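Topology and contacts: notes
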Amino acid sequence: MAEEIIDHQRAKSSITPREIIFKYIRYFPWLIVSVALTLGAAYIKLRYSTPVYNVSGKLLVNSQTPYSNAGEKFDDIFMMQKTDKLNDEIEIIKSRSMASRVVRSLNLEMQVYNKGNIRSTVIHPRDIPFNFDIVATDSSKGFSVLVTLSDNDQFTLNEGIKKYYFNEVVKLPGFSFRITPNNLDRNAFASKEFMVSWVPTEIRAAGLAARIGVARVTEGTNVLNLTYQTENIRLGMDIVNRYMKEYQQGSLEDKREIAGKTLSFINSQLDTVFRELRGVERNLQDYRQTNRLFNAEAQSNLLFEELSESNKEVVKQGVSLKVIDHLVAYLSDKRNEFRIISSMLGIEEPSLMEQVSAFNRLQLERETTLKTTPAGNPTIMGMEAAIEKLRKDMIETLRNVRQTYVLALDEVTRQNRSANQLISSLPAKEKQLLEVTRQQAILQELYSYLLQKKLETALASASTISNIKVVEPAMGSGEPVSPNRKGLYVMAIVIGIAIPTGIIFLLEYLNDKVKSKHEIQQITATPILGEIGHADQAGALVVTSNSRKFLAEQFRIVRSNLQYILPKVEKPAIMVTSSFSGEGKSFVSTNLGAVLALSGKRTVILEFDIRKPKILKGLGLHERKGITNYVVSNIKLEDMIHPVPGVENLFVIPCGPVPPNPAEMLLDERVELLFRELRNQFDVIIVDTAPVGLVSDAMTLGRYVDATVYIVRHNYTLKKQIQLIDDIYQHRKLPHLSIIINDITMRGGYGYYGYGYGYGYGYGRANGTADGYFENVSTKSRLWRRWFAGFGKK
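Residues numbered from 1 in each chain as written. Predicted model: local features only at pLDDT ≥ 70, side-chain atom pairs only at ≥ 80, totals over all residues. Heavy atoms only, no water.

Here we come to the pattern of salt bridges. In this structure the tally under the stated criterion is 17 salt bridges. In this structure, the salt-bridge partner of R101 is E246, at a minimum N-O distance of 3.0 Å. Of this pair, R101 sits in helix α6 (residues 96-106) while E246 sits in helix α8 (residues 233-291); the two residues are 145 residues apart in sequence, bridging distant segments of the chain. Accessibility expressed as a relative area gives 11% for E246, which makes it buried. For the salt bridge of K515 with E519, the shortest nitrogen-to-oxygen distance reads 3.1 Å. The exposure class of K515 is buried, given its relative accessible area of 6%. (Salt bridge = Lys/Arg side-chain N within 4 Å of Asp/Glu carboxyl O. Helix = DSSP H or I, 4+ residues; strand = E, 2+ residues; numbered from the N terminus. Buried < 20%, exposed > 50% of the residue type's maximum accessible area, 1.4 Å probe, protein only.)

Pasting the structure below:
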């Protein structure tokens, strides 16, 4: 039956989702507080952050130039290779030079901000309620000045008290300016304080170039998307539109410059080519008249064709001879004795091809036969002899074929020499005629080509248009892109959950105390006898005859489970021990004895923790003679047996004076006599002994008992101490070892994996089903149930 309990406990050792929820539900209020704080921080940030909007526009960059139909030759002359230049155009748009054009065009060197209570807002140049005219300034330095307007066309500077009038020239260190009124309403702003900032064009352009974004709309297209993030949508739209316009204008300027330089180059080349062509034509005419040569080109071409064919044949025959020599060397090499010939490399001799086919077939048959037949077998030797004969025959055949190729090569060489002699016999003047004619043709073609390009370039220059087209003018986003309200709130929720969750898991990870029955079952197979909750009362005795308290019922469950641990022992002796002091041995021993006494069994509790006795003190009894007196002084057993007030059939034997040598005293033969006499007088013996993890007393007393109850205190006993329990259980160092989990606490609805105190036998408080079964249900538990019920309704 005990094995069935163990199997049952192992089957229940896995953590269920319900247990996980109840384990961490007590931290839920902290999670709510953390999320509320992070959401509050996100709201404050959104409340006082300046909204930033995205402005975008699209333009098409046509990759064709005005000369795109000119032809490949013209592109080669002017180095206009057909490459994807869109990346270059993107860099041009993002350059400081393009940004400088935009800054100068929109007068962005000066920016004006309206100062509010929390933040300052940039103002569009057309919305500034006054004209700020710079009279003089140091162009290499910028300046900023705070202008506070008054109602009577006066203003102060930098929170000073001196007042200046409109139209008055104000001189400050490094610059001077004049403020003039305009017709705009000054009361439409958050305040009458305006920060005027001016920086040189180069500095403003550097900042603008860094903020403008340019990218392809989709890969493979020539449409670019220009983006700009700004606090003022109108100002951003003006900047993006001006960027596209300035880029168009710059493209036109480049085209006109290219067209002018191209025409100038063509004209200069035309004059040069014309002079050279006239000279070549005059020389050709004089040469023909002087030497009387006609159609010498056709004759020369025929001889050159014949020479070319003979050269090709010489090369072919030479290659064939090299191939034959290679094959002969391959067949003659002993390392290739049993290798096949993969290819004849262009040698097409029918008889040789048959020999090669037979040679390769024999090689393959030999390789196949060697897999099942040893090398010295007559069959293998016969194959090798045939292969050797074929090799010699092929070498002889190749030598014969080589002789044939040598004869053919001699004949082709002779023909080649004849053609060379014929070409050499041509008069040198005919060769000179060919050179002069070739020069004339080249110059004539180049002259005609330049005339054509001159006309095309002139037409393109007259009708120059930009290859940049605005597809979509600038448009602002309806919602601000920064700060991202939804994203910030989501991040706040994530952070609000992550911070307490991380702290919780860190605390759980660093906690080396036993927190659950599941953890014990993971480390040891020792059966768990029961689980005892936390005792709030001062006295040690919680089990009485009329008690219906929750703890009393838990001890009754332990009493029921004992029959499975000791099913055939009539008068059992049960020892209670633990890993170290403070785990509740005396408490469990007292109440375990009480619950057994209430069942009608005559029970005695032995205070064998003679080093640190607590039983009498917990029962409210005075110190009396006990075990040490019995062992040392030979007092009678009846003199040290004392009844426990209020519990019938329950007796206690105190420890007596603490001896100087407790470990040696337990080895005395009087101890064995004590147990023998007690078994005759009592039905159950409860032995409260010292911690087994600290001293050897429990090991010494183990031979006198029938079962051992090991106390593990919830959230107090170290997890590594469970390994000691497992070692004792596996090696049977103590008889019938079992575990009682003591002092299980319920903190803020934590429960013990969701079952109130979590002993898992059908009772519990956290789920509210225990009302009516137990007395004295605490107010704290009721409050928790109401809170949890409200949470469930939500």
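A few words on the side chain of S150. Within the secondary structure layout, S150 lies in the loop between β5 (143-149) and β6 (154-157). Non-local contacts of S150, meaning those with residues more than four positions away in its chain, are made with F155, K163 and R186. (Contact = heavy atoms within 4.5 Å.)

On to the packing of helix α15 (residues 550-565) against helix α16 (residues 585-598). Direction vectors running N to C along α15 and α16 enclose 70°, while the axes themselves pass 9 Å from each other. Classified by the angle between their axes, α15 and α16 sit roughly perpendicular to one another. Across the interface between the two elements, F555, R556, V558, R559 and L562 of α15 pack against F587, V588, N591, L592, V595, L596 and L598 of α16. In terms of residue class, the contact of α15 with α16 is built from 9 nonpolar, 1 polar and 2 charged. (Axes fitted to C-alpha atoms, helices over the stretch in contact; angles between N-to-C directions. Parallel < 35°, antiparallel > 145°, perpendicular 65-115°, else oblique. Nonpolar A, V, L, I, M, F, W, Y, C, P; charged D, E, K, R; others polar.)

The omega torsion of the bond from S482 to P483 falls at -5°, within 30 degrees of zero and hence cis. Locating P483 in the fold gives a position in the loop between β13 (468-476) and α13 (485-510). The phi torsion at E159 lies on the positive side, around 60°, for a residue other than glycine. Looking at the secondary structure, you find E159 in the loop between β6 and β7 (163-165). Notably, D743 is not glycine yet its phi reads approximately 60°, a positive angle. Along the chain, D743 falls in strand β21 (residues 737-744).

The subject of this paragraph is the sheet that holds strand β11 (residues 213-216). Spatially, 4 strands are ordered β11-β12-β1-β13 in an open sheet, and the strand pairing comes out antiparallel. In this open sheet, the two edge strands, each paired with only one partner strand, are β11 and β13. With direction set aside, neighbouring strand axes in the sheet form an average angle of 20°. In terms of strand pairing, strand β1 (residues 53-61) meets β13 through 6 bridges, oriented antiparallel. (Pairing = 2+ DSSP bridges.)

It is worth spelling out the confidence of the model for the protein at this point. Averaged over all residues, the pLDDT of the protein is 79; the fraction at 70 or higher stands at 83%. Low pLDDT, under 50, characterises residues 1-12; the predicted model gives this stretch 12 contacts beyond four residues in sequence or across chains. (pLDDT = per-residue confidence, 0-100.)

With 14 residues, α16 extends 20 Å between its outermost C-alpha atoms, agreeing within 8% with the 20 Å of an ideal straight helix rising 1.5 Å per residue. The buried count for α16 comes to 13 of 14 residues, which makes it a mostly enclosed element. Phi for G600, located one or two positions after α16, is positive at around 95°. (Expected span 1.5 Å × (residues − 1).)

Right, let's get into the nonpolar core. With 43 residues, the main nonpolar core has L606, F608, I653, F675, L678, V687 and L701 as its most contacted residues. Those residues within four positions of F675 in sequence are excluded, and the remaining contacts are L606, F608, I685, V687, L701 and Y704. (Core = buried A, V, L, I, M, F, W, Y, C linked by side-chain atoms within 4.5 Å.)

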